[in-house]
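Each chain, written out:
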Amino acid sequence: MEQLVLTVLAQDKAGHVERIAHCVAEHHGNWLESRMARMAGQFAGILRVEVPAADRPALVQALEGLGEYGIRVLVDQSSSVQAQALKRVTLHLTANDRPGIVRDISRVLAARGVNVERLSTDVSPAPMTNELLFNAEAQLTVPEALTLDALQETLETLADEMMVDLSLRQDL
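Computed from a prediction, not measured in an experiment: that's the story for all the values here.

(A) Structural view of helix 4 (residues 148-156). Of the residues making up helix 4, those classed as buried are Leu151, Thr154 and Leu155. Down the axis of helix 4, the buried set is contained in an arc of 95°. They therefore lie on one face. The exposed residues of helix 4 that point more than 90 degrees off its buried face are Asp149 and Glu153.

In structure tokens:
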């Protein structure tokens, strides 16, 4: 069996997931995991599938054929990551919005060896002032040697006035 990672992008409309699932099942594939979302009229997803090696070429061809429905699929081989001493941490952050905030936060995380596995962000008005607030929720993998206190201290060095609320929680 081979594991493939599929990246999908299309104008949002009903039936896209079914078409992709049909291709995978028709070629003896198994849908292992996925993350999909709709944003600004676009549908985007990433999924991992398993398929017998002999069926891989036909599956890839069928997925490429979804272009006639406006579905673009990029296929890549799944890679195995070497096991490291990591812990999973959930980050919740609310800060005054400004250009470059994601760049600054991700730079600080990367410098400490922290990997962003999932990231969900939005911007919304503050309740009393209507000032724009940046909200983020992230699933992180953190080196075992890095404590939550040290990570929080690192994030707080970005700028005291930027942070409105920051919480880190180690997942079990």
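What follows picks up the thread again.
(B) Examining the pattern of salt bridges more closely. Tallying each qualifying case throughout the model produces 7 salt bridges. As a salt-bridge pair, Glu2 and Arg56 come within 3.2 Å of each other at their nearest N and O atoms. With Glu2 in strand 1 (residues 2-11) and Arg56 in helix 2 (residues 56-64), the pair connects residues that are 54 residues apart, well separated along the chain. If you follow the salt bridges from partner to partner, you end up with Arg98, Arg103, Asp104 and Arg107 in one network.

(C) Structural context of the environment of Ile101. Mapping Ile101 onto the fold places it in helix 3 (residues 101-111). The exposure class of Ile101 is buried, given its relative accessible area of 4%. For the pair formed by Ile101 and Leu158, sequence separation is 57 residues and the distance between their alpha carbons is 9.5 Å.

(D) The packing of aromatic side chains, seen in detail. Applying the stated criterion across every chain yields a total of 0 aromatic pairs. If you follow Arg19 out to its NZ or CZ, it ends over the ring of Tyr69, 4.1 Å from the centre.

(E) Fine view of the sheet that holds strand 1. Taken in spatial order, the 4 strands line up as 2-3-1-4 in an open sheet, and their pairing is antiparallel. Each of the sheet's edge strands pairs with one partner strand only, and the pair in question is strand 2 (30-39) and strand 4 (72-77). On average, adjacent strands in this sheet sit at an angle of 15° to one another, irrespective of strand direction. Where helix 1 (residues 16-26) meets the sheet, it contacts strand 1, strand 2 and strand 3 (42-51), and its direction lies at approximately 160° from that of strand 2.

(F) Expanded view of the nonpolar core. In this structure, Leu91, Leu93, Leu140, Leu151 and Leu155 are the most contacted members of the largest nonpolar core, which totals 19 residues. Broken down by secondary-structure element, the contributors of at least two residues to this core are strand 5 (86-96), helix 3, strand 7 (132-143), helix 4 and strand 8 (163-170). Leaving out residues up to four positions away in the same chain, Leu151 has contacts with Leu109, Val114, Leu140, Val142, Leu146 and Leu168. Counting residues in each nonpolar core, the second largest holds 17 residues, with Leu6, Cys23, Phe43 and Leu63 among its members.

(G) Focus on the side chain of Gln139. Looking at where Gln139 falls in the secondary structure, it is placed in strand 7. Residues in contact with Gln139, not counting those within four places in the same chain, are Arg88, Val89, Thr90, Asn115, Val116, Glu117, Arg118 and Asp171.

Thresholds applied
- Residues numbered from 1 in each chain as written.
- Predicted model: local features only at pLDDT ≥ 70, side-chain atom pairs only at ≥ 80, totals over all residues.
- Heavy atoms only, no water.
- Buried < 20%, exposed > 50% of the residue type's maximum accessible area, 1.4 Å probe, protein only.
- Helix = DSSP H or I, 4+ residues; strand = E, 2+ residues; numbered from the N terminus.
- Arc of directions from axis to C-beta.
- Salt bridge = Lys/Arg side-chain N within 4 Å of Asp/Glu carboxyl O.
- Phe/Tyr/Trp six-rings, centres within 6.5 Å; stacked < 30°, edge-to-face > 60°.
- Lys NZ or Arg CZ within 6 Å of the ring centre and 35° of its normal.
- Pairing = 2+ DSSP bridges.
- Axes fitted to C-alpha atoms, helices over the stretch in contact; angles between N-to-C directions.
- Contact = heavy atoms within 4.5 Å.
- Core = buried A, V, L, I, M, F, W, Y, C linked by side-chain atoms within 4.5 Å.

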